[in-house]
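# Secondary and tertiary structure notes
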Amino acid sequence: MMLDAAVKFDVIFIRFEEIDPRYLSYFEVDSQGKQKNLGPPALEDWEKVRSFVKFLKLFYTVTLKFSGSLYVTYNSFFYELISMHTSISQLCKNEDVYVSKMAKNMMAKYKKYWGDQDAQNFLLYVAVVLDPRFKLKYVRFYFGRLYDVEETENFTIKVKDTLLRLFEHYMNVDENIEVIHSIGTSINENVNVDLMVINDDMLDDLASQFKKHLEEEGSVQKNDIERYLGDDWEDSNDFKLDILGWWRCNTTKYKILSKVAQHVLTILVSTVVSETAFSTGSRILDPFRSFLSPSTVQALVCC
C-alpha cells in the first residue's frame with residue numbers, strides 16, 4: 001500500500017530535486033547511520049516499484065479475502081490458490097528479468113507448501129467439495145491445472161477419502177446418540193421392569209442388534225455422499241450464495257452430511273488479521289485472546 005501510494009508521486013520526486021536544495025541530502029545516510037551517497041530514486045527505481053506493486057498485490061488481495069470474519073472463507077481458499085498459481089506462472093515468463101526472478105523464487109516456495117501430498121491438509125479441499133457450486137469435479141478439474149494426471153487422481157482420491165472418513169465419524173456419533181435416546185425412552189415407558197433381570201445374554205443380544213442396525217444404516221448413509229456429489233450443482237457464478245443457508249435448507253435431504261458441512265465450513269481459513277500478515281513487528285495478543293485458557297490456546301494452535 002505504501003509503494004502503491006508512493007508510485008503516484010514519481011514525477012513530484014523528480015521535481016523536488018529542482019525545487020528543494022536539501023533534497024539530495026535526505027539520501028546520504030544509510031541504515032547504520034553512516035554517510036553514503038545513495039541518491040534519490042531514479043526512473044528505473046520507479047519501474048521496479050511498479051513491478052513490486054503488481055507482484056505484491058496478488059498476495060495482498062488474497063490476504064484480505066482470507067481475513068474475512070463475516071462470511072464463509074474456508075471454501076474460497078482453493079479458487080484463490082489456483083488464481084495465485086496461474087498469476088505467478090505468468091509472471092515467471094515476464095519479459096522483465098527483475099519480475100521474472102521474483103516470480104520464480106515465489107513459485108519455488110509455492111511448490112514447497114502446495115506440491116507435496118504428505119504436507120497437505122485435505123480438510124481444506126473437503127470444504128470446497130461441500131460447496132454446492134463446485135463439489136468434487138471442480139477440485140479434480142483444477143488439480144489437473146497444478147499436477148500431472150497421476151498426481152491429480154491421487155489428490156482427488158485422498159480428498160474423497162477424507163470426506164468419507166469424516167462422514168463415517170459423524171454418522172457413528174449420530175447413531176450412538178439415537179440408540180442411547182431410544183434405550184432411555186424404552187426404560188421410561190417400562191418403569192416397572194426390574195432392571196436386575198437384564199442379564200449378559202440380553203446385553204449381547206442388544207449389542208448384536210445395534211451392530212446390525214449400524215451396518216444397515218451405514219450402507220444407506222454412505223450413499224448420502226454419492227447422492228450429493230451426483231445431484232445438480234448450484235450456479236458457479238452465484239458469488240452471493242449463502243452456503244450455510246443452503247445446507248440448512250437441505251438438512252432433511254442430507255441429514256449427516258449437513259452436520260459435517262456446518263462444522264467444516266464455519267472454520268476460518270485464517271485467524272490472523274490482514275494488517276499483521278505482512279508485518280515484521282511483534283505479535284500482540286488482544287484482551288480476548290489473552291484470557292483464553294492454555295488448553296484452548298493449544299487446541300487453536302494445533303488447528
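Refer to the preceding data block for the structure.
Residues numbered from 1 in each chain as written. Predicted model: local features only at pLDDT ≥ 70, side-chain atom pairs only at ≥ 80, totals over all residues. Heavy atoms only, no water.

## Considerations on the packing of aromatic side chains
- Counted according to the given criterion, the structure contains 22 aromatic pairs.
- Measuring from ring centre to ring centre gives 5.1 Å for F13 and W46, while their planes differ by 55°; the resulting arrangement is tilted. Of this pair, F13 sits in helix α2 (residues 10–19) while W46 sits in helix α3 (residues 43–66), and the two are 33 residues apart along the sequence.
- Between F134 and Y138 the ring centres are 4.2 Å apart and the planes differ by 25°, which places this aromatic pair in the stacked class.
- With relative accessibility at 12%, the residue F134 sits in the buried group. (Phe/Tyr/Trp six-rings, centres within 6.5 Å; stacked < 30°, edge-to-face > 60°. Helix = DSSP H or I, 4+ residues; strand = E, 2+ residues; numbered from the N terminus. Buried < 20%, exposed > 50% of the residue type's maximum accessible area, 1.4 Å probe, protein only.)

## A word on the environment of F155
- Tracing the sequence through the fold places F155 in helix α8 (residues 149–189).
- For F155, a relative accessible area of 0% puts it in the buried group.
- Along the backbone, F155 and G144 are 11 residues apart, and their C-alpha atoms lie at a distance of 9.9 Å.
- Contact partners of F155, with chain neighbours within four places excluded, come to Q117, Q120, F122, F143 and Y147. (Contact = heavy atoms within 4.5 Å.)

## Some remarks on the pattern of salt bridges
- A complete count under the given rule lists seven salt bridges for this structure.
- Salt-bridge contacts for E226 lead to K160; the nearest nitrogen and oxygen are separated by 3.0 Å. Of the two residues, E226 sits in helix α9 (residues 200–230) while K160 sits in helix α8, which places them 66 residues apart along the sequence.
- Judged by its relative accessible area of 25%, K160 is partly exposed.
- Residues participating in the shared-partner salt-bridge network are D10, E47 and R50. (Salt bridge = Lys/Arg side-chain N within 4 Å of Asp/Glu carboxyl O.)

## With respect to the state of the cysteines
- Under the counting rule described, the total for this entry stands at zero disulfides.
- Free cysteine C303: the closest other cysteine sulfur is in C302, separated by 7.1 Å.
- Given a relative accessible area of 82%, C303 falls into the exposed group. (Disulfide = S-S within 2.5 Å.)

## A look at the side chain of K135
- Here K135 is to be found in helix α7 (residues 135–146).
- The side chain of K135 is buried and forms no salt bridge, while D231, the nearest opposite charge, is found at 5.6 Å.
- Here the side chain of K135 touches D232 through a polar contact of 3.4 Å, landing on its backbone oxygen.
- Beyond its immediate stretch of four places on either side in the chain, K135 contacts V128, V129, Y228, L229, D231, D232 and W233. (Lys, Arg positive; Asp, Glu negative; His and termini not counted. Polar contact = N/O pair within 3.5 Å; in protein donor to acceptor, adjacent residues only side chain to side chain.)

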